[in-house]
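Tertiary structure, described
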Amino acid sequence: MYEVLVVGAGPAGMSAALVLGRSRRRVLVCDSGRPRNAVTPAMHGYLSRDGLPPPELRRIGREELAHYPEVAVRDEPVLEVARDAGGFVATLGCGERVRARKLLLATGVVDELPAVPGLPSLYGRAVWHCPYCDGYELADRPLAVYGKGARATSELRALTRFSRDLVVCTDGDDEFGDAERACIESVGASVRTERVVRLEPRPDGLAIVFDAGPVVERAGLFFSTALHQRSKLAESLGCSFDEGGLIVTEDNQASGVPGVYVAGDAARSVLLAIVAAGEGAQAAFAINRELLREEFP
Ligand SMILES: Cc1cc2nc3c(=O)[nH]c(=O)nc-3n(C[C@H](O)[C@H](O)[C@H](O)COP(=O)(O)OP(=O)(O)OC[C@H]3O[C@@H](n4cnc5c(N)ncnc54)[C@H](O)[C@@H]3O)c2cc1C
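As the structure is a computational prediction, the values presented were derived from the model and not from experiment. (Residues numbered from 1 in each chain as written. Predicted model: local features only at pLDDT ≥ 70, side-chain atom pairs only at ≥ 80, totals over all residues.)

A short note on helix 2 (residues 54-65)
Note the cut-off: Note on conventions: DSSP H or I runs of at least 4 residues are helices, E runs of at least 2 residues are strands, and numbering of each starts at the N terminus. For a helix, the expected span equals 1.5 Å multiplied by the number of residues minus one. Here a residue counts as buried when 20 or more other C-beta atoms fall within 10 Å of its C-beta, as exposed when 12 or fewer do, and as partly exposed in between; the C-beta atoms come from the backbone. The arc in question is traced by the directions running from the helix axis to the C-beta atoms. A residue pair is marked as a contact if its C-beta atoms, positioned from the backbone, fall within 7 Å.
Here helix 2 contains twelve residues, and its C-alpha end-to-end distance of 17 Å stays within 8% of the 16 Å for a straight helix at 1.5 Å per residue. When helix 2 is considered as a whole, its buried residues turn out to be P54, L57, G61 and L65. One side of helix 2 carries all its buried residues, which in axial view fall inside an arc of 70°. Residues of helix 2 that are exposed and point over 90 degrees away from its buried face: E56, R59 and E63. Along its buried surface, helix 2 packs onto helix 1 (11-22) and strand 3 (71-74).

Below you can see the structure in the form of structure tokens.
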């Protein structure tokens, strides 16, 4: 029987496992090998690791966890988790069942890409969703926003930190009201409302091809993404979700479902790797305290 089962070995899950291992808790970390940032060559804004390739962070994390004999890391998906008398019983991909007193879901999210031909293969190279993650590298170069309505102008506003050569591609009806039009005017951006037929790679970025009018070449295109949970485990355990599909937690990452904690992108917060790691540490702290209270009432 493990004391804690951590599902997901991204920044959130590994950070939690480190703090739990250092509290000498018996921890099993399971990972299905599908991190959110798999497409990107560099992770930015993570103090001490700015620009590091994401697989390198995971390699270093596992190397550090290997110093703690209490922590086991397995490359196994967790297919199912059910409650049992002592806590939880989980079924792994290999069919094995493992038991744990507490559960931490650090399972991340999946970005929903706009259905534009050519976009998926450019995602992480010339197409991005997060100005905080990837805006700086594109500073002072021509950029595009793909989107409609207030989501588009929110992305546009964020991109003014990096460039003033901005075009908004609405791919049909712009869904702009007075506020959005005022924003576009104040930024000085241009707007293209023709249908976007496809994106094409260019040596220095991408080309946006419309169903009418001239092609636009840009160094990068940003879209504001919808997302969904990578895993169904939280739903099956009865966690609560906000309107954007993120799991609602308390300040200590407790989900409100007894014994279940959630950290990282899966939980509602700023979706950055360093925040995910911080939430993992926060959850570990809370889990250890809960275990201690049960052990020494
Ligand atoms: C294109 C792109 C660029 C980005 N750039 C940056 C950046 O520059 N800086 C930054 O701070 N952030 C960046 N991000 C965001 C960053 O990727 C996330 O904030 C971070 O990965 C969140 O960590 P996490 O541990 O919550 O989730 P993840 O890193 O997604 O890890 C979750 C893990 O859980 C595993 N998992 C899920 N379900 C199961 C299951 N049932 N069983 C076992 N394992 C499971 C997955 O396989 C995965 O390995 C970027 C994201 C994208 C998409």
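What follows picks up the thread again.
A short note on the domain arrangement of the chain
Threshold: Each domain's extent is set by a domain assignment, obtained either automatically or from a database. All residues other than Ala, Val, Leu, Ile, Met, Phe, Trp, Tyr, Cys, Pro, Asp, Glu, Lys and Arg, Gly among them, are scored as polar; the first ten of these are nonpolar and the last four charged.
For the chain, the assigned domains are domain 1 (2-111 + 226-295) and domain 2 (114-223). Computed over C-alpha atoms, the centres of domain 1 and domain 2 are 33 Å apart. Domain 1 puts six residues into the contact, and the matching count from domain 2 is seven residues. Across the side of domain 1 that touches domain 2, the residue classes tally to two nonpolar, three polar and one charged.

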